[in-house]
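Observations on chain architecture
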Amino acid sequence: MFITTATLHAYAVVVSSCLATALVCAADAPMASPANDPMSTITVEQHHPQAADTNPGTVDLPFKTISAAIRKAGPGITVLIKAGIYRETVAIAKSGEKDKPLTIKAVPGERVIVTGADPVTGWKRCSKADALGNEQFDKLYVADVTSKPERLIESSRKRVVYKKSRLPSVGLWQPQTATGRRVFTDAQNLTATDAQAYAGWTLMTYYNAGGGATTQPGFTYDPSAHQITLEKDWSGYADIDPKRDTYWFENHPVGIVAPGQCAFRKTEQGWRCWIWPTAMDGEQPIVECLVRGECVSPNKVSYVVIDGLEICFSTGQGLGHNVSLADSTIQNCYIHDCIGYGVGLMKPQRVTVRRSIFREVSNGIVMSGGTGCVVEENDVGWCTVDGFDAANGVRDLRIRRNYFHDNFRYGHPDNIQFWTDVDGVWIEDNVLLNGGQTMMSEGMKNVHLINNFMVGSHAASAIVGGESGRPVYNLAGLKPDERSKRVKEFESCSPDVCEFTHNTVCATALSPTNWGGTGFSVHDNVIAPLHRVPLYQIQSLRSASADYNLLWSGGAGNPIATIYTVTKSGTEADAVWDLKLVWGVGFTDLQNKFGFEQHGIVADPQFTNAPIFFAVSHFGSMSISTRSYLVVWGQVGKDIAVGDHIELSFDGVCRTVTAVGVAPGKETYSTITFDPPLKELSDFPVSIANWGSKTDFTWNLKLLETSPGHNKARDGKDLGCSLNLQQYMQGDFNGDGKRDLPDLPKE
C-alpha cells in the first residue's frame with residue numbers, strides 16, 4: 001500500500017495480547033549510574049503488596065508503574081519489570097550513553113503487558129427498548145462510555161476482539177449497476193421497502209483494486225429503485241465498478257447475532273456500546289476498550305534498549321513517535337492488535353529492531369527517513385496493510401533474516417514496501433510468504449536483494465522500482481509533448497543499480513518480477529510462478545543484465561518477458577521520444593535480440609516438495625464466493641482437475657476439488673468447488689496451491705540433485721535461495737534447531 005507522508009506523521013496502531021511490556025519516560029532527576037551507585041537495577045512489580053511510585057525501586061520496595069521507574073532511571077540503569085498488565089503510556093524522555101544504555105526489560109519468562117485498553121464497567125442487560133429492534137435483546141448488554149470505543153476486546157491478556165455487527169452477517173454485497181462514484185443499485189440485496197430501513201447503519205464501500213475501504217458519512221436509500229446515493233465518493237481512485245467493487249453495512253445493534261459482536265453510536269453524553277459478551281464475571285461482562293493512542297513512546301532519546309515487552313491494544317502506534325530515536329534497540333517484544341503501526345519511527349538513526357513478533361497491527365514496522373538501521377530476525381505477519389515500510393530519505397538500511405508473511409488484506413497490501421528517495425538497502429536472507437504483493441517499491445537506488453524466498457504473492461511479486469523510472473511511472477493520458485519530455489528524461493537518468501541474486505521467486509498470481517528504472521542485475525535466481533505468465537516485466541534495458549537464471553512458467557514455449565524499449569523519431573531538434581511495449585518475448589528472442597540469459601535455463605526447477613500450480617481467487621468476485629466455492633482469476637481448467645488436492649492461503653489443510661467450471665458471466669474466470677470448506681468465509685482473495693495427488697503440503701523449495709539448477713550458479717552453488725523455509729516459519733533463523741523469537745503466550 002502507498003502511505004502518504006501525512007499518514008507517516010500521524011501514525012496509528014492496533015489490538016491483541018502476548019508476552020512483555022514497557023518503555024521509558026523522563027524528567028525527574030536521574031538515579032546515579034553504577035559507577036557512583038551500587039544500585040544499577042530498578043524493579044517494577046505492580047502486584048507487590050508494598051508497591052508504590054514513591055518507593056526507591058528495590059526488590060522489597062518496587063515501583064508500581066513503569067513510568068515512575070523511568071523517571072528515576074539514567075544511563076547504565078536497567079528498569080526490570082515483573083509480570084502484570086500495565087495500563088499506561090510509557091513515555092521515554094531520557095537517554096542512556098554509549099556502553100551504558102538505559103534498558104527497559106521484562107523479567108525473563110514473565111509476561112509484562114503494556115496495553116492501551118482499560119476495563120469497561122457499568123454494563124446492564126438490554127431491555128427490548130435498549131436493543132433498538134434486536135429480537136435477541138435478552139442476550140445483549142449495554143453500557144455508556146465517555147470516549148469513542150475504537151475497538152472492544154475481552155481482555156488485554158487474550159486476543160479476543162469484538163467484531164462490529166454486519167449486514168450481511170457474513171460475506172459481501174456487490175452493486176449491480178452504478179453511475180459515477182456515488183450512485184449504485186442492487187436489486188438482489190437492497191430489498192427493503194422502507195426508505196429508512198438502513199438508517200443507523202454505517203455503510204462501508206470497498207474499492208477492490210487496492211484502494212481499501214471507505215467509511216461513508218451518509219447516504220440515502222430509494223427503495224423503488226433499490227438505489228443508494230452516497231454523500232462521499234465510493235473511493236478516491238475510480239468510478240464504482242459493479243464487476244469489481246463490494247460493500248457492506250456495519251455497526252447497528254439490530255445486527256448483533258452472536259457472541260463477540262458489538263455496536264456503538266454517539267450520544268449527547270458520550271458513546272453507547274452494545275455487546276453480546278464472550279465472557280462474564282458474575283453479572284458483568286468482561287470487556288475492555290482501547291483508549292490510549294500509544295503504549296510506548298520514545299521522544300528524542302538515544303542509547304535505549306526495550307526488551308521483552310508485550311505491547312498491545314493501542315488506538316495509535318504500539319511503539320513509536322514522530323521524532324527521532326537513535327543508537328537504540330527494540331528486541332524480544334510481542335506487538336499486536338494496535339490500530340496503527342506496530343513500530344513507527346521518524347528519522348531513526350542506527351536503530352535495530354530484532355527478534356520481535358508483530359500481529360494484527362496496520363503496518364508492522366514503518367521508518368520514515370533515517371540512516372543505518374537494522375531489521376533482523378523478526379516475525380511480521382497478519383498486518384491489516386503492510387508488513388514493513390521505508391520511505392522519504394531512508395539510507396543504509398539492512399533487512400536480514402526476517403519472516404514476513406500473510407500481509408494481504410486492506411489497501412494494496414505488501415509484505416515489504418519502499419518509496420521516495422530510498423538509497424542503499426540490503427534485503428538478505430529473508431522469507432516473504434503469502435503477501436498481497438511480495439515487494440512493492442519505487443524511488444530506490446543501490447538496492448541489493450540476496451538469497452530471499454519470495455513465495456505466494458496474490459499479485460506481482462518482486463516489483464523493484466528505481467529512482468530513474470519515476471518520470472515514466474504513469475504516462476497514460478499525457479499529451480504527446482509531455483510524454484516525449486518524460487521519456488527523454490528517463491533515458492538520460494543515471495542507472496539506479498539493483499542487484500538481484502540467489503533469490504527464489506515462486507507461486508505468484510501475476511508477474512514474478514517487474515523491473516522499473518535502469519541498471520538492474522539479475523543472476524543465479526530461480527523464477528517459477530507455477531502458472532503461465534511472463535517472468536520479466538522490464539521498463540528499460542539500459543545498464544541491465546540477466547543471466548544464469550532458472551526460468552519456468554510451466555512450459556518451454558511460454559513467453560518469458562514483456563519489455564519496454566525507448567524509441568526516438570524525427571530530427572534531433574524536434575525528436576519525439578516514446579516507450580514501445582514488446583509483448584510476449586520468448587526465450588530465443590530474449591537471448592538473440594536483447595542479449596539476456598546467455599547461460600539461462602528454461603526448465604522445471606524440480607523442487608523437493610512444491611505444488612504444481614498456483615492461483616488466487618478473483619478479488620471482484622468475493623461477493624459470490626462461499627466457504628466451499630471460489631471464483632479463480634484466469635482459466636484454470638487445464639491446471640486444476642476434479643480430485644486434485646488444494647491448499648488455501650497456506651493453511652496446510654488438504655481439500656479435494658469436487659468441481660471445476662467457468663464463472664457465470666465471467667468467461668475469463670474459473671470456479672472451483674472443494675471439500676472440506678473453509679472455516680470462515682473470507683472477505684479477501686484466497687491463494688490456491690494445487691498439489692495434485694500429494695497430501696503432504698510441506699513447502700520445501702530446495703532443488704533436488706537432479707534439478708537443472710543444481711550447482712549451476714556462478715559460485716558453483718545451486719541456483720536460487722539456500723534458506724530452510726520451514727525453519728524460518730518456526731522462528732529458527734540461524735538453523736541451530738532453536739526458536740530465536742519469544743514464545744507466544746498460551747492464552
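Residues numbered from 1 in each chain as written. Predicted model: local features only at pLDDT ≥ 70, side-chain atom pairs only at ≥ 80, totals over all residues. Heavy atoms only, no water.

Assigned secondary structure in the protein consists of five helices and 70 strands. Its C-alpha atoms put the protein at 80 × 75 × 60 Å along the principal axes. Partitioning the intrachain contacts of the protein with sequence separation of at least 6 by distance along the chain shows that 65% fall at a separation of at least 24. Only carbon and sulfur atoms are counted for the fraction: they give 50% of the accessible area of the protein, which is about 29000 Å². Measuring between centres, the 67 positive side-chain charges of the protein sit 2 Å from its 80 negative side-chain charges. (Helix = DSSP H or I, 4+ residues; strand = E, 2+ residues; numbered from the N terminus. Contact = heavy atoms within 4.5 Å. Areas by Shrake-Rupley, 256 points an atom, 1.4 Å probe, with all protein chains shown as cover. Lys, Arg positive; Asp, Glu negative; His and termini not counted. Charge placed at Lys NZ, Arg CZ, Asp CG, Glu CD.)

So, on to the nonpolar core. Residues Ile 104, Ile 306, Phe 388, Leu 397, Phe 418 and Tyr 536 are the most contacted members of the largest nonpolar core, which totals 83 residues. Broken down by element, the residue count for this core peaks at four residues, all from helix α2 (residues 66–71). Core analysis: the second largest hydrophobic core is formed by 35 residues, Leu 433, Trp 552, Trp 691 and Leu 719 among them. (Core = buried A, V, L, I, M, F, W, Y, C linked by side-chain atoms within 4.5 Å. Buried < 20%, exposed > 50% of the residue type's maximum accessible area, 1.4 Å probe, protein only.)

As enumerated under the stated definition, the model contains 35 salt bridges in all. A salt bridge links Arg 292 to Asp 118, with the nearest nitrogen and oxygen atoms 2.9 Å apart. Residue Arg 292 is located in the loop between β26 (288–290) and β27 (296–298), and its partner Asp 118 is located in strand β8 (residues 117–119); the two are separated by 174 residues in the primary sequence. According to the relative accessible area criterion, Arg 292 is buried, its value standing at 14%. Residues Arg 483 and Asp 578 are paired through a salt bridge, measuring 2.6 Å at the closest nitrogen-oxygen approach. You can see Arg 483 sitting in helix α3 (residues 480–492) and its partner Asp 578 sitting in strand β61 (residues 576–585), a full 95 residues away along the chain. On the accessibility criterion, Arg 483 (24% relative accessible area) is partly exposed. (Salt bridge = Lys/Arg side-chain N within 4 Å of Asp/Glu carboxyl O.)

Spatially, β9-β10-β23-β22-β13 is the arrangement adopted by the five strands of the open sheet, whose pairing is mixed. On the outer flanks of this sheet lie β9 (124–125) and β13 (163–164), each paired with one strand and no other. Where β13 and strand β22 (residues 261–266) come together, two bridges link them in parallel fashion. By the bridge assignment, Lys 164 is partnered in β22 with Cys 262. (Pairing = 2+ DSSP bridges.)

This part is about the pairing of strand β12 (residues 158–161). With two bridges joining them, strand β11 (residues 152–155) and β12 adopt antiparallel strand pairing. Paired with Ser 155 across the bridge in β12 is Lys 158. Hairpin connection of β11 to β12: two residues between the antiparallel strands.

Before going further, it helps to spend a moment on the sheet that holds strand β19 (residues 219–222). Strand pairing in a sheet takes place through backbone hydrogen bonds and is either antiparallel or parallel in direction. Taken in spatial order, the four strands make up an open sheet running β15-β16-β20-β19, and their pairing is antiparallel. Looking at strand neighbours, the two that pair on one side only are β15 (177–179) and β19, the edges of this open sheet. Neighbour-to-neighbour, the strand axes of this sheet turn through a mean angle of 15 degrees, independent of strand direction. Across three bridges, strand β16 (residues 183–185) lies against strand β20 (residues 227–230) in antiparallel orientation. Across the sheet, the residue bridging to Phe 184 is Ile 228, located in β20. (Axes fitted to C-alpha atoms, helices over the stretch in contact; angles between N-to-C directions.)

Once that is clear, we can look at the pairing of strand β60 (residues 561–569). Bridge count for strand β57 (residues 536–538) against β60 is three bridges, and the pairing is parallel. Across the sheet, the residue bridging to Ile 538 is Ile 563, located in β60. Here β60 pairs with β61 via eight bridges, running antiparallel. Following the sheet pairing, Ser 569 is matched in β61 by Val 576. What sits between β60 and β61 in their antiparallel hairpin is a turn of six residues, with Gly 570 showing a positive phi close to 85 degrees.

Once that is clear, we can look at the side chain of Ser 441. Counting through the fold element by element, Ser 441 comes out in strand β48 (residues 439–441). Judged by its relative accessible area of 4%, Ser 441 is buried. Engagement of the side chain of Ser 441 in a polar contact is seen with the backbone oxygen of Ile 463, the distance being 2.7 Å. At a separation of 2.9 Å, a polar atom in the side chain of Ser 441 contacts the main-chain amide nitrogen of Gly 465. Ser 441 has contacts with Phe 418, Ile 463, Val 464 and Gly 465, leaving out every residue within four places of it along the chain. (Polar contact = N/O pair within 3.5 Å; in protein donor to acceptor, adjacent residues only side chain to side chain.)

As a further point, take the environment of Gln 50. Topologically, Gln 50 is positioned in the loop between β2 (41–44) and α2. Residues Gln 50 and Leu 61, spaced eleven residues apart in sequence, show a C-alpha to C-alpha distance of 5.9 Å. Setting aside residues up to four positions removed in sequence, Gln 50 forms contacts with Asn 55, Asp 60, Leu 61 and Pro 62.

This part is about unusual backbone geometry. A cis amide bond links Leu 167 with the next residue in sequence, Pro 168, at an omega value of 0 degrees. Locating Pro 168 in the fold gives a position in the loop between β14 (166–167) and β15. One non-glycine residue, Lys 300, lies in the positive phi region at around 55 degrees. Along the polypeptide, Lys 300 turns up in the loop between β27 and β28 (301–302). Using a relative accessible area of 65% as the deciding quantity, one classes Lys 300 as exposed.

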